[in-house]
Amino acid sequence: IKPYVYVLTNVTHEHLDYHPDFNHYLQTKLKLVKLCQHLVYNYDDKHLKQALSQLKKSCSVSLNQKSKADLIIQRLGKQDNKSLLQVSSRRPPAKFKLITNYDQDFNLVNLSLAIQTALIDGIKPKIIQQSSPSLPKVPGRLEEVDTAGENFKVFIDFAHTPNAIQSVLTYLKSTTPKTGRLIGVFGSAGLRDKTKRPLLIKAAQKQADIIVLTSEDPRTERVEDIIEQMVAGFDRGWHQAKKNQYNSLKPRTFLIIPDRQEAINIVINQIAKDNDVIVFLGKGHEKSICYGRVELPWDEQKIVKKAILNRLYQNRIAGVVLAAGKGTRIVQLTKNKLNKAMVPVLGKPMVGWARDLLTNSGIKQQYYVVGYKQKLIKDYLGSQTNYIIQKKQLGTGDTVKHVLPELNSKIRHLIIINADQSFYQPDVLTSLVNFYLNGGYDAAILSTLKNNPTGLGRIIRNKQGYLTAIIEERDASPKVKKIKEINTGTYIFNRSFLEKYIGKLKLHEDKNEYYLTDIFAVALADSPKNTKIGVIQINNPLVNIGFNTPQQLEQGERVLKKFYPNL
């Protein structure tokens, strides 16, 4: 093979399990130089500069404005949150500006190498300018993971050499707030170059505040042995943290957590604090991890996202159960000895179904709005439960307005459910929550289809699938009445969205109530372009079961019995 263009990015400490020494590795990299027609290389790599700068067929690139490279990229600032650059080329002569998604030095070096190659191939600067803004970020290369509103940042990167780790951490350190910590999580591959193991630490400790050592394709080596060789690279002043000290880690601390999945979970759920920057290094885009001689499935992005979701479920999401109503018609069954939430369904009070739904869905933070005969509910749920007292029955909108000030300040997302409509399976609720979090919505609604939706609110969507309105039966046109997608009364809201609009609800004077559903119309009228209400449709026979009369209870229990035969 005789390459038309041969591009050299960097030559750093790597693959010395194959090569006798670094010089041998460098000379192997340079073999293709004799065969190619054009050579493009990174002038800022001292090894390449020394070896190639005298070659006539070579073109070099640099980020250093004072260098003698053939193509130089200069940062001019930001434009539309992207990097604005100026490109100056000598061969062929060209000078032009462009916009790119990339900001880090190592990515700009790669971009400059690509631009120089394109120019050699005769591609005009105008075409390069047009295409540059749409260049996608590379999966597993400084890939930021959405933390769903958590006040820290998480990245995944493939870096697994001393030079790469130092480059990534140097950039991330420059973006870490002064009140935050840079946390690096990585290991070193088994059956590969052992000499780099302490060097990884020496590179990382220059920038990282906390280092977590874990597995990275250990193969047939013991993870503990690999980590022990890495630890030898720490300077004095670094100390190993003990278990159960995760909440108070100070800079220049390292941890050893051999299991990589456990390391991810602990870092996200126990170590991460506001303003921290966390990077998981070494696996990047790869879809397997090697233990022994077996490649096991591994998706770092999914595992990190799952850990973030778990953190949210534990601390940031609250379930609010509306259980304050009297239930005039249905409590006739008990001669008014109970309130509605305590009416048994298949032997278990309605509020017990709501509690089990939240608990089995992983929602730890739970609040129960109580009013009429509240002692019955408190005796059933116990004194450790969070209760919010509703003194006046002024509708669901008024209820939520009074709930907000009572919530833990850390809670950012609220699930609103009715005690008498919580008979579906936990996977339905988790589907709603995950849909909401992954979509970045202001709020999300659980909907379902019903063949005869008389008396129920219809869901109206736009072409993108977002909610545009919930229209009640009394306000529906003949066309809208034909719509079968209905509102189930189960919602999840961003807390700031609720706080912004809950006070703007208007009283329905005929009922003397504030309706929570009105909040969507208020928000969409206030900011139609920026309001994003998601709707997830789940066609499950239990989603729209609710009990207002003894007849509905009798019919509903027959349906429930098919799904819960042991009750």
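Before reading on, note that the structure itself is shown above.
We now turn to the structure provided with this report. It should be emphasised that the depicted structure is a prediction, and the values quoted were computed from it without experimental measurement.

### Focus on the overall build of the protein chain
- Looking only at helices and strands, one finds 17 helices and 26 strands in the protein chain.
- For the C-alpha atoms alone, the extent of the protein chain along its principal axes is close to 95 × 55 × 40 Å.
- Burial analysis of the protein chain (567 residues in total) assigns 50% to the buried set.
- Counted over contacts in the protein chain with a minimum sequence separation of 6, partners at least 24 positions apart contribute 66%.
- Side-chain charges in the protein chain split into 83 positive and 51 negative, and the spacing between the mean points of these groups amounts to 2 Å.

### What to know about the pairing of strand S13 (residues 277–281)
- Taken across its 5 residues, S13 has 5 buried, putting it largely inside the fold.
- Across the two faces of S13 the burial is the same, with Val 277, Val 279 and Leu 281 and Ile 278 and Phe 280 all buried.
- Note that strand S8 (residues 153–157) and S13 share 5 bridges and pair parallel. Along S13, the bridge assignment pairs Asp 157 with Leu 281.
- With 4 bridges joining them, strand S9 (residues 182–186) and S13 adopt parallel strand pairing. What sits directly across from Ile 183, in S13, is Ile 278.

### Concerning the pattern of salt bridges
- For the structure on display, the rule yields 27 salt bridges.
- Close ionic contact of Asp 379 with Lys 375 constitutes a salt bridge, the shortest N to O distance being 2.8 Å. In this pair, Asp 379 and Lys 375 are both assigned in helix H11 (residues 374–381), 4 residues apart and thus about one turn of the helix distant.
- Each member of the salt-bridge network shares a partner with another, and the members are Arg 75, Lys 78, Asp 103 and Asp 105.

### Comments concerning the sheet that holds strand S6 (residues 94–100)
- Overall, mixed pairing links the 6 strands, which are arranged S1-S2-S3-S4-S5-S6 in an open sheet. Edge strands, defined here as strands with exactly one partner in the open sheet, are strand S1 (5–8) and S6. Each strand of the sheet is rotated relative to its neighbour by a mean of 20°, with strand direction disregarded.
- Strand direction decides the pairing type here: S1 and strand S2 (residues 38–42), joined by 4 bridges, are parallel. Each residue of the ladder has a partner; that of Tyr 6, found in S2, is Leu 39.
- Lying over the sheet, helix H3 (residues 105–120) contacts S1, S2, strand S3 (58–62), strand S4 (71–79), strand S5 (82–89) and S6, oriented at roughly 125° with respect to S4.

### Topic: the side chain of Ser 67
- By the secondary structure assignment, Ser 67 is in the loop between S3 and S4.
- Within polar-contact distance, the side chain of Ser 67 engages the backbone oxygen of Asn 64 at 3.0 Å.
- Among the polar contacts made by the side chain of Ser 67, one reaches the main-chain amide nitrogen of Ala 69 at a distance of 3.4 Å.
- Ignoring any residue separated from it by four or fewer positions in sequence, one finds Ser 67 in contact with Tyr 43, Ser 62 and Ile 72.

### Overview of helix H5 (residues 162–175)
- For H5, which comprises 14 residues, the first-to-last C-alpha distance of 20 Å matches the rise-based estimate of 20 Å (1.5 Å per residue) to within 8%.
- Of the positions making up H5, those classed as buried are Pro 162, Ile 165, Val 168, Leu 169, Tyr 171 and Leu 172.
- For H5, the secondary structure elements touched by its buried residues are H3, S8, S9, helix H6 (197–204) and S13.

### Thoughts on unusual backbone geometry
- With an omega dihedral of -5°, the bond running from Arg 91 to Pro 92 counts as a cis peptide bond.
- Its location among the elements puts Pro 92 in the loop between S5 and S6.
- The phi torsion at Asn 81 lies on the positive side, around 65°, for a residue other than glycine.
- The topology assignment puts Asn 81 in the loop between S4 and S5.
- Phi at Asn 512 takes a positive value of approximately 55°, unusual for a residue other than glycine.
- Note on placement: Asn 512 falls in the loop between helix H15 (495–501) and helix H16 (518–526).

Cut-offs used in this document
- Residues numbered from 1 in each chain as written.
- Predicted model: local features only at pLDDT ≥ 70, side-chain atom pairs only at ≥ 80, totals over all residues.
- Heavy atoms only, no water.
- Helix = DSSP H or I, 4+ residues; strand = E, 2+ residues; numbered from the N terminus.
- Buried < 20%, exposed > 50% of the residue type's maximum accessible area, 1.4 Å probe, protein only.
- Contact = heavy atoms within 4.5 Å.
- Lys, Arg positive; Asp, Glu negative; His and termini not counted.
- Charge placed at Lys NZ, Arg CZ, Asp CG, Glu CD.
- Pairing = 2+ DSSP bridges.
- Salt bridge = Lys/Arg side-chain N within 4 Å of Asp/Glu carboxyl O.
- Axes fitted to C-alpha atoms, helices over the stretch in contact; angles between N-to-C directions.
- Polar contact = N/O pair within 3.5 Å; in protein donor to acceptor, adjacent residues only side chain to side chain.
- Expected span 1.5 Å × (residues − 1).

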